[in-house]
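# Overview (structure and organization)
Here's the letter readout for the chains.
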Amino acid sequence: MSILLTGATGYIGTSVLPRLIEEGHSVTALVRDASKAAIVEAAGATALIGDAADSDLVARAALDSDGVIHLASGQDVDPVFIAAVLRGLEGSDKPFVHTGGIWTYGSNADIVDDSPSAPPAITAWRGANEAVVLGAEGVRGMVVVPSIVYGRGAGLARVIVDAPRGDEVAPALHLIGDGSQHWATVHVDDLAALYVLALEQGDAGSIYLGASGVNPTVRELGEAAAAVAGVVGGVVAETVDETAARLGAGLTEALLLDQQSRGSKARIDLGWEPNGPALLDEIVSGSYAPEAVAAD
């Protein structure tokens, strides 16, 4: 299949692009400039330089494709991009895989695809766009919902391992709030596999949660990071205001959500098998461990 891909040079995209190519797909990557074009071409894709908000360009590229994966989701981009893709794919029954986000579900101890929406302010804009994709006629519209993505030493896990240590006699790694909240998590390479499976096999109108089923608390993650870094004071809780002062109120509200998910639908319907190392293991001895960071 010939796939139009956005976000190919981003954190998730640099795993999705090679996965698509490994599975035998040809990829046209929509990128903003020549430097990004060089990156995707080196990875085996064809570069299309342009703007995701250029509706005519996007519609033509979608028309010429066998399907679309949209990773570069954004509040300003999505309404224009989605409408253009649906125009280009109209009546084809070709796949369009859009990107959502786990925070949309709010705090929930067992998030499934049809759990009620309770988004924090930072992601409240997503729902209307996802509804357009899921309700599209003549197009196989789907939404992949990443949970907190980790791996390769990047992503939101860095807010744990790079947290302030304070200047006390016995330094302590600062948590996000009191650290009691769970995070639903997924390794970036497992998530890439899910995008490709959704493209190839997913049903129209389906939501697939990219959640490994491993849902550590922020305190567990912080304690592991402190131990492996030799932070003698362990961890220390922050007030919500303290966390907001260093991370911003919007991100803090999202990171304080208490979320757990098993990602069962993707396993059952698509045969998805997340098997990357758990985030705790990545912190202790993987890509976030001090030795790995020093090697970089």
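Quick summary incoming for the structure in this document. (Residues numbered from 1 in each chain as written. Predicted model: local features only at pLDDT ≥ 70, side-chain atom pairs only at ≥ 80, totals over all residues. Heavy atoms only, no water.)

## Remarks on the environment of Arg-246
Note that Arg-246 resides in helix α9 (residues 240-247). For the pair Arg-246 and Ala-163, spaced 83 residues apart in sequence, the C-alpha separation works out to 9.7 Å. If sequence neighbours within four positions are ignored, Arg-246 has contacts with Ala-163, Pro-164, His-174, Leu-175, Ile-176 and Glu-238. A polar side-chain atom of Arg-246 sits 3.3 Å from the main-chain carbonyl oxygen of Leu-175. (Helix = DSSP H or I, 4+ residues; strand = E, 2+ residues; numbered from the N terminus. Contact = heavy atoms within 4.5 Å. Polar contact = N/O pair within 3.5 Å; in protein donor to acceptor, adjacent residues only side chain to side chain.)

## Structural notes on the pattern of salt bridges
The tally for this structure, following the rule as stated, stands at eight salt bridges. One salt bridge connects Asp-110 with Arg-262, and the closest N-O pair in it is separated by 2.8 Å. Of this pair, Asp-110 sits in strand β6 (residues 108-111) while Arg-262 sits in the loop between β14 (259-261) and α11 (264-270), and the two are 152 residues apart along the sequence. On the basis of relative accessible area, Asp-110 is assigned to the partly exposed category, the value being 33%. (Salt bridge = Lys/Arg side-chain N within 4 Å of Asp/Glu carboxyl O. Buried < 20%, exposed > 50% of the residue type's maximum accessible area, 1.4 Å probe, protein only.)

## Focus on unusual backbone geometry
Positive phi outside glycine occurs at Asp-93, with the angle close to 60°. Structurally, Asp-93 can be placed in the loop between α4 (78-89) and β5 (95-99). For Asp-93, a relative accessible area of 56% corresponds to the exposed category. Its identity is not glycine, yet Arg-152 carries a phi of approximately 60°, on the positive side. Structurally, Arg-152 can be placed in the loop between β8 (148-151) and β9 (154-155).

## Some words on the environment of Gly-91
Looking at where Gly-91 falls in the secondary structure, it is placed in the loop between α4 and β5. A C-alpha to C-alpha distance of 56 Å links Gly-91 and Val-236, two positions 145 residues apart in sequence.

## What to know about the sheet that holds strand β3 (residues 46-49)
As summarised here, the arrangement of the seven strands in space is β3-β2-β1-β4-β5-β7-β12, forming an open sheet in which the pairing is parallel. Looking at strand neighbours, the two that pair on one side only are β3 and β12 (206-210), the edges of this open sheet. Averaged over all neighbouring strand pairs, the angle between strand axes comes to 20°, with direction disregarded. Here strand β4 (residues 67-70) runs beside β5; their pairing, made up of two bridges, is parallel. Among the inter-strand pairings, Ile-69 is bridged to a residue of β5, identified as Val-97. Where α4 meets the sheet, it contacts β1 (2-6), β2 (26-31), β4 and β5, and its direction lies at approximately 170° from that of β5. (Pairing = 2+ DSSP bridges. Axes fitted to C-alpha atoms, helices over the stretch in contact; angles between N-to-C directions.)

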